[in-house]
2 protein chains.
Amino acid sequence: MSGAEIMNERKKRILQAVTDDYISTAEPVGSRTIARRYNLGISPATIRNEMADLEESGYLEQPHTSAGRIPSDKGYRFYVDSLMQARPLSKEQQARIYRELKRRQHEIEALIQHTAKLIADLTSCAALILCPRLQDRVLKHIELIPLNEENVLVILVTSPGFVETRVVEIPHPISAEELRKVAEFLNAHLQGMIVSNIRVSLLKQLHLELVRYNSLLEGTLDLIIKTIRKSGKERVYREGTMHILEQPEFRDIEKVKPLFEFLGEDDTLIDILGNASSHGELRVVIGKEHEMAEIRDCSMISAPYGIRGNIVGILAVLGPTRMDYARIISLVEFVAGLLSDTLTEIDAS
Amino acid sequence: MSGAEIMNERKKRILQAVTDDYISTAEPVGSRTIARRYNLGISPATIRNEMADLEESGYLEQPHTSAGRIPSDKGYRFYVDSLMQARPLSKEQQARIYRELKRRQHEIEALIQHTAKLIADLTSCAALILCPRLQDRVLKHIELIPLNEENVLVILVTSPGFVETRVVEIPHPISAEELRKVAEFLNAHLQGMIVSNIRVSLLKQLHLELVRYNSLLEGTLDLIIKTIRKSGKERVYREGTMHILEQPEFRDIEKVKPLFEFLGEDDTLIDILGNASSHGELRVVIGKEHEMAEIRDCSMISAPYGIRGNIVGILAVLGPTRMDYARIISLVEFVAGLLSDTLTEIDAS
DNA sequence: GTTAGCACTCTCGCCTGGCGAGTGCTAATG
DNA sequence: CATTAGCACTCGCCAGGCGAGAGTGCTAAC
């Protein structure tokens, strides 16, 4: 109840020992184990007393009487906020990640997919990467290609190298030549703009310039703009969802099912990730702190990545609440930074 | 051993009853159950005798003494080949599928993804669709877009409406204008060709025409051709892999793991599917008939789909050996046909 | 050839008792 | 007064035993 207990140094050390041990063994940890494995210079009995206090204040819990203790969500939270010392990556690991990411740089989607895979493999958790919404990106180039009489392929190249294709159904056939002119017109006026800003400014230009073109184009142009503006769904890359099956807490198939269903739904994922780190910093959400019931057994560590300081996407790791926070936080931070650098570099060239 | 046993009418009826029942209940089925549920006009004792024979000839097996019988792979094979009456889809179901597939026709990737999802939902199995290799498709259009000084975006539109994008790193900067000429040249000479045929004919043309262009282009052109020709990986769409978790035979997580790992690997999937129905007909592979050990507990039903009779891809359903063959075979056949029609239609327009 | 009856086998669920791990309390200790 | 040792107690887990239920195989009768 109170919660206003004093968290003395010894209690902290014990909570840390319990958490560290549970993270690495996945077994409830008892007083004896702590006394043996972490030489805090105190006896199991003392540890027991302290653990009883910690349980009362909600930092630890017992799966059942007379099992060891495991950290509660509150315990993990305290661990993450105050106890854990972020374990920086070894030079070799940094070098390895660096090397992996620098390889096939020029296909951006491959880069992101690859990054996700890398994180997943290094953490044994599910890795998620959210790409920037089309609307938030800068338009670099538009191309229009006639597919047949009714359909035009619209290709949008946006910073920092994404390519989107859409098929637009047009009301009237348009010649390739005319289409090229339209594309030219669009490029001339829209290049460098952020996609979501396009409509307003375009409409102004449109009026002035429209007379030059066949009136048939009016509807087409409108459709193309609509196409650009709509379907502004983020894309989300997943990797390593299978790693979840390796975690002992998910040996029960009934626990896995809702989680996998959650991971399968683009929309909810996008939602969650979008909320997660859109406000700039690395963030850790633990267990029941999640809004979505399906992932109340999981923790998520997320960090934004960006171009020249502007956030363009979010990178996250999802795993059991018993995850190796110290390592994974460092990793996520490092990779997000590296990804930002890489994208910035690509964008500049 | 013998196998040369006479499979009389009654044995067939019993095998069918066992199989039907096991498919719908997932429980070993005993003689009593059959006598009660399927009125074959014979008593449990007689059924027992026949079942013993069927077991000896390898069509049935017992999970343990004194459980009911379940069909062996050989039993399923016989069931599929000789007993099962393909259960045609109801008019409503056909209509529903038809309606679903006719919706957003013009984005072809979405169409295929959508088809996979539909099959997965209707079968409660995993649905897989293999797209044609780039190399086997007809080139409809090439577009080259400069991204920056070192990179060019190559866009390939191929029948029946696929769009592929690749980034090519070029040795020397090329102006947009020159690039446009190259694209024009390529379009003029390559349109309508099957991608895998491109190299030979191009080289001939190349020599004749090359003099017109800056010699710097030579290397670039070569790179572009290489890009087109390489990376001819099929793409495979998956849907409904989660449905597998619903099947009682996969309640054990240890059985799911290798299967999911298998489903996660593009390359092996492509391999399996490529072999499956490349020779034209609907095919059923049951349990241990599979080459890959990971799916020896599964059956796969696959059918090719194509454009104007030319196979361009393969559609498959993967589920437990205890799957509803009668229904799923009809479904796969129907959807493959419909997909073929749709693609043919799109290609023609 | 078919069927009824019966003994047999096997799984499954349930209960039991012993074991080990870990706790909480109390009293002794520095 | 904080710390520790000792001890009784609680619980989950596991192995073994038992009965119920389902289903078979065999035999003898129809």
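Look up: the structure comes first, before these words.
Attention here is on the structure that accompanies the text. (Residues numbered from 1 in each chain as written. Chains lettered and ligands numbered in written order. Predicted model: local features only at pLDDT ≥ 70, side-chain atom pairs only at ≥ 80, totals over all residues. Heavy atoms only, no water.)

## Regarding the relation of the copies chain A and chain B
Reasoning step 1: When chain A is fitted onto chain B, the two copies agree to an RMSD of 0.1 Å after a turn of 180 degrees and an axial shift of 0.0 Å. Taken together, the rotation and translation describe the operation of a two-fold axis. Looking at the rotation axis and the C-alpha trace of chain A, the residue lying nearest is I253(A), at 3.1 Å.
Reasoning step 2: A symmetric contact is evident, with 96% of the interface residues of chain A recurring at the interface of chain B. (Least-squares fit on C-alpha atoms with pLDDT ≥ 70 in both. Contact = heavy atoms within 4.5 Å.)

## Details of the layout of surface pockets
Reasoning step 1: The space that makes up the second largest pocket amounts to roughly 670 Å³.
Reasoning step 2: Lining the second largest pocket we find 26 residues, and of these E143(A), R180(A), E143(B), R180(B) and E184(B) sit closest to its centre.
Reasoning step 3: Elements with a contribution of two residues or more to the lining of the second largest pocket: β4 (139-146) and α7 (176-190) of chain A together with β4 (139-146) and α7 (176-190) of chain B.
Reasoning step 4: When the residues that make up the lining of the second largest pocket are grouped by side-chain class, the tally is 14 nonpolar, four polar and eight charged. (1 Å grid on protein atoms, 1.4 Å probe; cavity = no way out; pocket = protein on both sides within 12 Å on 5 of 7 lines; lining within 4 Å. Points joined across faces, edges and corners; volume = space filled by probe spheres on them. Helix = DSSP H or I, 4+ residues; strand = E, 2+ residues; numbered from the N terminus. Nonpolar A, V, L, I, M, F, W, Y, C, P; charged D, E, K, R; others polar.)

## Overview of the interface of chain A and chain B
Where interface size is quoted, it is often the accessible area lost as the parts come together.
Reasoning step 1: Residue-level contacts link 28 residues of chain A with 27 residues of chain B.
Reasoning step 2: Both sides together, the interface formed by chain A and chain B hides about 2700 Å², and carbon and sulfur atoms give 68% of it.
Reasoning step 3: Along the contact surface separating chain A from chain B lie zero salt bridges.
Reasoning step 4: Our count for the contact surface shared by chain A and chain B stands at zero residue pairs in polar contact (both at pLDDT 80 or more).
Reasoning step 5: Going through the elements one at a time, β4, β5 (151-158), β6 (162-169) and α10 (253-264) of chain A are the ones with two or more residues in the side of chain A that touches chain B.
Reasoning step 6: Ranked by residue count, the leading element in the side of chain A that touches chain B is β6(A), at five residues. (Buried area = accessible area lost by both parts, 1.4 Å probe. Salt bridge = Lys/Arg side-chain N within 4 Å of Asp/Glu carboxyl O. Polar contact = N/O pair within 3.5 Å; in protein donor to acceptor, adjacent residues only side chain to side chain.)

## Focus: the sheet that holds strand β9 (residues 298-307) of chain A
Residues and elements named next belong to chain A.
Reasoning step 1: The sheet built from five strands is open, its strands ordered β7-β3-β10-β9-β8 with antiparallel pairing. This sheet does not close on itself; its edge strands, each paired only once, are β7 (236-239) and β8 (283-286). Pairwise comparison of adjacent strand axes, ignoring direction, gives a mean angle of 20 degrees for this sheet.
Reasoning step 2: Relative to β9, β8 is paired through four bridges, and the arrangement is antiparallel. By the bridge assignment for β9, V284 is matched with I301.
Reasoning step 3: Relative to strand β10 (residues 310-320), α10 is tilted by about 165 degrees, and along the sheet it contacts β3 (126-130), β7, β9 and β10. (Pairing = 2+ DSSP bridges. Axes fitted to C-alpha atoms, helices over the stretch in contact; angles between N-to-C directions.)

## Observations regarding helix α11 (residues 266-277) of chain B
All names here are of chain B.
Reasoning step 1: Taking 1.5 Å as the rise per residue, α11 with twelve residues should run 16 Å; its terminal C-alpha atoms sit 17 Å apart, in good agreement.
Reasoning step 2: Taken as a whole, α11 has its buried residues at L269, I270, I272, L273, A276 and S277. The arc that holds every buried residue of α11, seen down its axis, measures 165 degrees, which confines them to one face. (Expected span 1.5 Å × (residues − 1). Buried < 20%, exposed > 50% of the residue type's maximum accessible area, 1.4 Å probe, protein only. Arc of directions from axis to C-beta.)

## Points about the protein's contact with DNA strand D
Reasoning step 1: Close to DNA strand D lie 20 residues; R10(A), T46(A), H64(A), T65(A) and S31(B) are nearest.
Reasoning step 2: Among the atoms of DNA strand D lying within 4 Å of the protein, the sugar-phosphate backbone contributes 72%.
Reasoning step 3: At 3.1 Å, a side-chain N or O of R48(B) approaches a base nitrogen of DNA strand D.
Reasoning step 4: In the environment of DNA strand D, a base nitrogen lies 3.2 Å from a nitrogen or oxygen atom belonging to the side chain of S66(B).
Reasoning step 5: For the surface near DNA strand D, the elements supplying multiple residues, two or more each, are α3 (44-56) of chain A together with α3 (44-56) of chain B.
Reasoning step 6: A per-class count over the surface near DNA strand D returns four nonpolar, twelve polar and four charged. (Near = heavy atom within 4 Å.)

## Digging into the packing of aromatic side chains
Reasoning step 1: If you walk through the whole model with that rule in mind, you get seven aromatic pairs over all chains.
Reasoning step 2: Centre to centre, the rings of Y76(B) and Y325(B) are 5.5 Å apart; their planes meet at 50 degrees, and the pair counts as tilted. With Y76(B) in helix α4 (residues 73-83) and Y325(B) in helix α12 (residues 325-348), the pair connects residues that are 249 residues apart, well separated along the chain.
Reasoning step 3: Using a relative accessible area of 0% as the deciding quantity, one classes Y325(B) as buried.
Reasoning step 4: In textbook terms, an aromatic cluster arises when at least three aromatic residues are bridged by ring pairs, as seen for Y76(A), Y79(A) and Y325(A).
Reasoning step 5: Seen from the ring of Y59(A), K74(A) lies directly overhead, with NZ or CZ sitting 4.6 Å from the centre.
Reasoning step 6: Looking at R137(A), its charged tip hangs above the ring of F162(A), at a distance of 4.5 Å from the centre. (Phe/Tyr/Trp six-rings, centres within 6.5 Å; stacked < 30°, edge-to-face > 60°. Lys NZ or Arg CZ within 6 Å of the ring centre and 35° of its normal.)

## Section: the sheet that holds strand β9 (residues 298-307) of chain B
All names here are of chain B.
Reasoning step 1: Across the sheet, five strands lie side by side as β7-β3-β10-β9-β8; this open sheet has antiparallel pairing. Sheet topology places β7 (236-239) and β8 (283-286) at the edges, where each strand pairs with a single neighbour. Strand-to-strand twist across the sheet, computed as the mean angle between neighbouring axes with direction ignored, equals 20 degrees.
Reasoning step 2: Pairing between strand β3 (residues 126-130) and β7: four bridges, direction antiparallel.

## A word on the pattern of salt bridges
Residues and elements named next belong to chain A.
Reasoning step 1: In total, this model carries 46 salt bridges over all chains according to the counting rule given.
Reasoning step 2: Residue R10 is joined to E50 by a salt bridge in which the shortest nitrogen-to-oxygen separation is 2.7 Å. Placement of R10 in helix α1 (residues 9-25) and of E50 in helix α3 is noted, with a sequence separation of 40 residues between them.
Reasoning step 3: Shared partners join several salt bridges into a network, and the residues in it are E109, R137, E164, R166 and R235.

Bear in mind that shape data such as this cannot, by itself, settle questions of function.
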